[in-house]
Amino acid sequence: MASGKILVVDDDRNICELLRLYIEKEGFEVVIANDGRQALELFEADKPDLIMLDIMLPELDGWQVCREIRKKSQCPIIMLTAKGEVFDKVLGLELGADDYVVKPFEAKEVVARIKAVLRRFGKNGDDLVKEVHYDKLSINLTNYELKVNGKAVDTPPKEMELIYHLASNPNRVFTRDQLLDEVWGFDYYGDSRTVDVHVKRLREKLEGVSDKWALKTVWGVGYKFEVKE
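Read on for an overview of the structure. (Residues numbered from 1 in each chain as written. Predicted model: local features only at pLDDT ≥ 70, side-chain atom pairs only at ≥ 80, totals over all residues. Heavy atoms only, no water.)

1. Examining the overall build of the protein chain
Broken down by element type, the protein chain carries eight helices and twelve strands. Sequence-distant contacts in the protein chain: of pairs separated by 6 or more residues, those separated by 24 or more amount to 57%. By element, 48% of the accessible surface of the protein chain is carried by carbon and sulfur atoms, the whole surface being about 11400 Å². (Helix = DSSP H or I, 4+ residues; strand = E, 2+ residues; numbered from the N terminus. Contact = heavy atoms within 4.5 Å. Areas by Shrake-Rupley, 256 points an atom, 1.4 Å probe, with all protein chains shown as cover.)

Here it is as structure tokens:
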């Protein structure tokens, strides 16, 4: 049986109660907010393990709520979007969302997504410290901390997950689609530009730090974390 606290944010009370029913059945505790401001208040008060966040909300929309939460927390966020709404996947992922679900949805699918995202975040029983070290570089995914020359460098969650994934598999080449699948995860049909943007930002932080490793582009294929013997 799963455990943890899920914050469900949607102005449709029927959807909220449906999600509550299915999510609580799996052993999670559920907290509900019906507008963006209430979502931020409950996020501060209840410290959830994951947020199901609708985009179209009163007071503050889902994008604004996601931005505010990402300023202070890496709490996993799954965006909810109505079929037919223009959903900019790249924008959502750039803001730090971890997955998205399109309405109308199967409640079982939502539960599966919640579990998959929590697994990726090392919640629910995975207490192993996730850390790799190279010359002048430390990547700690447990604390979401990147250190260059011993100093912490401010790095958004998805950049952390991407560099950790590459550095944990030195000299292995990943295609953009593999990275979208393995870092962004669970059935994400994304745009490969997302990977390029994140690699570009990581390069700005890591360029010239050491001559013993490098974040390399393999033209026509993808990217690798190259370690020199």
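There is more to say after this.
2. A closer look at the environment of Trp-184
With respect to the helices and strands, Trp-184 occurs in helix H7 (residues 176-184). According to the relative accessible area criterion, Trp-184 is buried, its value standing at 0%. Considered as a pair, Trp-184 and Leu-162 are 22 residues apart in the sequence and their alpha carbons are 8.7 Å apart. (Buried < 20%, exposed > 50% of the residue type's maximum accessible area, 1.4 Å probe, protein only.)

3. Some points on the nonpolar core
In this structure, Val-8, Ile-23, Met-52, Ile-114 and Ile-139 are the most contacted members of the largest nonpolar core, which totals 48 residues. Element by element, the count of residues in this core is highest for helix H6 (residues 157-167), at six residues. Apart from residues lying up to four places away in sequence, Ile-23 is in contact with Ile-6, Val-8, Phe-28, Val-30, Val-111 and Ile-114. Residues Val-31, Ala-39, Leu-60 and Val-65 belong to the second largest nonpolar core, which totals 23 residues. (Core = buried A, V, L, I, M, F, W, Y, C linked by side-chain atoms within 4.5 Å.)

4. Here's the deal with the packing of helix H2 (residues 36-46) against helix H3 (residues 62-70)
Relative orientation of the contacting elements H2 and H3 amounts to 25 degrees, with a least axis distance of 9 Å. Taken together, the axes of H2 and H3 are roughly parallel relative to one another. Seen along the crossing, H2 lies across H3 with a hand that is right-handed. On H3, the residues that touch Gly-36, Ala-39, Leu-40 and Phe-43 of H2 are Val-65, Glu-68 and Ile-69. Class assignment for the residues of the contact of H2 with H3 results in five nonpolar, one polar and one charged. (Axes fitted to C-alpha atoms, helices over the stretch in contact; angles between N-to-C directions. Parallel < 35°, antiparallel > 145°, perpendicular 65-115°, else oblique. Left-handed = near helix turned anticlockwise from the far one by under 90°. Nonpolar A, V, L, I, M, F, W, Y, C, P; charged D, E, K, R; others polar.)

5. Quick look at the sheet that holds strand E5 (residues 99-103)
As summarised here, the arrangement of the five strands in space is E2-E1-E3-E4-E5, forming an open sheet in which the pairing is parallel. Each edge of the open sheet carries a strand with a single partner, namely strand E2 (29-33) and E5. Averaged over all pairs of adjacent strands, the angle between strand axes in this sheet comes to 20 degrees, irrespective of strand direction. With respect to the sheet, helix H1 (residues 13-25) is in contact with strand E1 (5-9), E2, strand E4 (77-82) and E5, its orientation differing from that of E2 by roughly 170 degrees. Relative to the sheet, helix H5 (residues 107-120) contacts E1, strand E3 (50-54), E4 and E5, its axis offset from that of E5 by approximately 175 degrees. (Pairing = 2+ DSSP bridges.)

6. Considering the pattern of salt bridges
What the rule picks out here adds up to 21 salt bridges. With its nearest N and O atoms 3.2 Å apart, the salt bridge here joins Asp-54 to Lys-103. Separated by 49 residues along the polypeptide, Asp-54 in strand E3 and Lys-103 in strand E5 bring together distant segments of the chain. By relative accessible area, which is 2% here, Asp-54 ends up buried. Taking the relative accessible area as the measure of exposure, Lys-103 reaches 13% and is therefore buried. Across the pair Lys-147 and Glu-145 runs a salt bridge, and its minimum N-O distance is 3.9 Å. For Lys-147, a relative accessible area of 31% translates into the label partly exposed. Residues joined by salt bridges that share partners form a network here, namely Arg-70, Asp-98, Lys-158 and Glu-161. (Salt bridge = Lys/Arg side-chain N within 4 Å of Asp/Glu carboxyl O.)

7. Considering the pairing of E2
The buried count for E2 comes to four of five residues, which makes it a mostly enclosed element. By the bridge criterion, five bridges tie E1 to E2 in an arrangement that is parallel. From the neighbouring strand, Lys-5 faces E2, where its bridge partner is Glu-29. Between the parallel pair E1 and E2, the chain is carried across by H1, and the sense of this crossover is right-handed. (Right-handed = clockwise from strand over helix to strand, strands pointing away.)

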